[in-house]
Amino acid sequence: MAFVGISNCSQATSCPLGAPGYEIAGETVNVGRVYIYFGNNTLDSNPDVIITGSGNQRIGNTITSAGDVNNDGFNDIIVGAPYMGSTVGPSSYVSIYYGGTDMDENPDIIIEKDLLNFGKCAANAGDINHDDFDDILVSDENNIYFFFGGTEMDTEPDFTLHISDYFDGIQSISLAGDVNNDGYKDILVSSIEHTGDTRIGNVYLYSGNLNTTEIKSGTTVATQYALYQNYPNPFNPTTTIYYEIPESGYVTITVYDLLGREVKTLVNGKQSAGNHKIEFNASDLANGIYFYEMDTGEFSTVKKMIHAK
């Protein structure tokens with residue numbers, strides 16, 4: 001049996017262990033399990049809660065403390081079941097289990113996304129927006145999604161942070177504490193860039209002092225013009241394009257086919273400074289290679305994407 005994602009039991013009131021694959025009678029089973037042990041001075045080898053996936057759901061690949069997302073005085077647990085393929089396939093999901101004396105194997109919140117490796121990493125983010133509810137971070141290959149806690153927690157991200165354009169980019173996310181002593185918890189992210197046969201590691205530190213008005217509108221402070229690789233890619237039939245502009249201005253994002261013919265205009269108008277995203281739906285288009293161009297007047301660039309039904 002392979003255990004992963006062992007939480008820091010010295011700082012937790014319960015200790016979860018994840019087993020995304022295990023053996024029964026000598027046969028490997030890909031249905032995941034999570035074992036939760038309630039902490040006390042007589043901790044033994046018998047789990048207090050066992051969570052078992054179904055089908056080919058490798059739950060337990062990611063497990064960590066969520067903090068107290070519903071502010072009921074009990075720490076909660078994040079359990080991830082990412083689809084670990086190289087192309088988009090079955091949905092990935094993250095489940096949140098509320099802590100408590102009557103904690104059981106039934107998830108209280110399920111966040112399901114058709115994103116490759118959504119739930120690959122997860123972390124307690126502290127209380128980013130200072131509303132007395134702990135928030136959580138969930139990543140896929142390239143992005144970190146912020147979910148604000150609450151008594152009625154939403155399953156749509158309140159903010160998305162684009163980190164990497166590389167497959168298997170994000171490696172870990174964690175809470176760094178209050179590094180700059182501004183009263184906000186800060187965030188550490190590690191990622192890998194692939195250049196030929198070379199793998200270059202990066203570590204990023206993000207200040208937790210984020211403007212909640214900007215977060216809710218899906219923007220942050222941008223310092224450059226940039227157009228990022230769409231995700232997922234290849235895609236069917238929808239994908240998301242991320243871009244940023246350092247100042248307000250007129251922006252167009254246009255999609256062209258392989259012959260250079262314009263097929264769709266996704267953005268055409270004035271936008272505020274910050275990070276933005278737009279969804280492209282190609283359900284009415286044929287398979288093949290398409291190009292998307294961002295033009296601001298001062299900045300212009302093109303990237304390629306693949307629509308594969």
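Here's a quick rundown of the structure. (Residues numbered from 1 in each chain as written. Predicted model: local features only at pLDDT ≥ 70, side-chain atom pairs only at ≥ 80, totals over all residues. Heavy atoms only, no water.)

**A short note on the overall build of the chain**
For the chain, the helix and strand inventory stands at one helix and 23 strands. The 309 residues of the chain split such that 46% are buried. Counting contacts in the chain only where the partners sit at least 6 residues apart, residues at least 24 apart contribute 46% of the total. In the structure as shown, the chain presents an accessible area of about 15100 Å², 46% of it carried by carbon and sulfur atoms. (Helix = DSSP H or I, 4+ residues; strand = E, 2+ residues; numbered from the N terminus. Buried < 20%, exposed > 50% of the residue type's maximum accessible area, 1.4 Å probe, protein only. Contact = heavy atoms within 4.5 Å. Areas by Shrake-Rupley, 256 points an atom, 1.4 Å probe, with all protein chains shown as cover.)

**Side note on the sheet that holds strand β8 (residues 92-97)**
In space, the four strands of this open sheet follow the order β6-β7-β8-β9, with antiparallel pairing throughout. This sheet does not close on itself; its edge strands, each paired only once, are β6 (62-67) and β9 (109-113). Ignoring strand direction, the axes of neighbouring strands in this sheet form an average angle of 20 degrees. Where β8 lies against β9, five bridges are found, and the strand directions are antiparallel. (Pairing = 2+ DSSP bridges. Axes fitted to C-alpha atoms, helices over the stretch in contact; angles between N-to-C directions.)

**Re the packing of aromatic side chains**
Here the structure, examined in full by the defined rule, presents three aromatic pairs. Between Tyr 225 and Phe 299, the ring centres sit 5.6 Å apart and the planes meet at 10 degrees, which makes this aromatic pair stacked. On the criterion of sequence distance, the pair formed by Tyr 225 in the loop between α1 (212-216) and β17 (226-227) and Phe 299 in the loop between β22 (288-295) and β23 (300-307) is long-range, its members being 74 residues apart. (Phe/Tyr/Trp six-rings, centres within 6.5 Å; stacked < 30°, edge-to-face > 60°.)

**Topic: a nonpolar patch on the surface**
A cluster of nonpolar side chains, Val 179, Leu 188, Val 203 and Leu 205, forms an exposed patch at the surface whose accessible area comes to about 350 Å². Considering the arrangement of structural elements, one finds Leu 188 in strand β15 (residues 186-195). According to the relative accessible area criterion, Leu 188 is partly exposed, its value standing at 31%. (Patch = residues over 30% accessible without salt bridge, like charges linked within 9 Å, V, L, I, M, F, W, Y side chains within 5 Å. Salt bridge = Lys/Arg side-chain N within 4 Å of Asp/Glu carboxyl O.)

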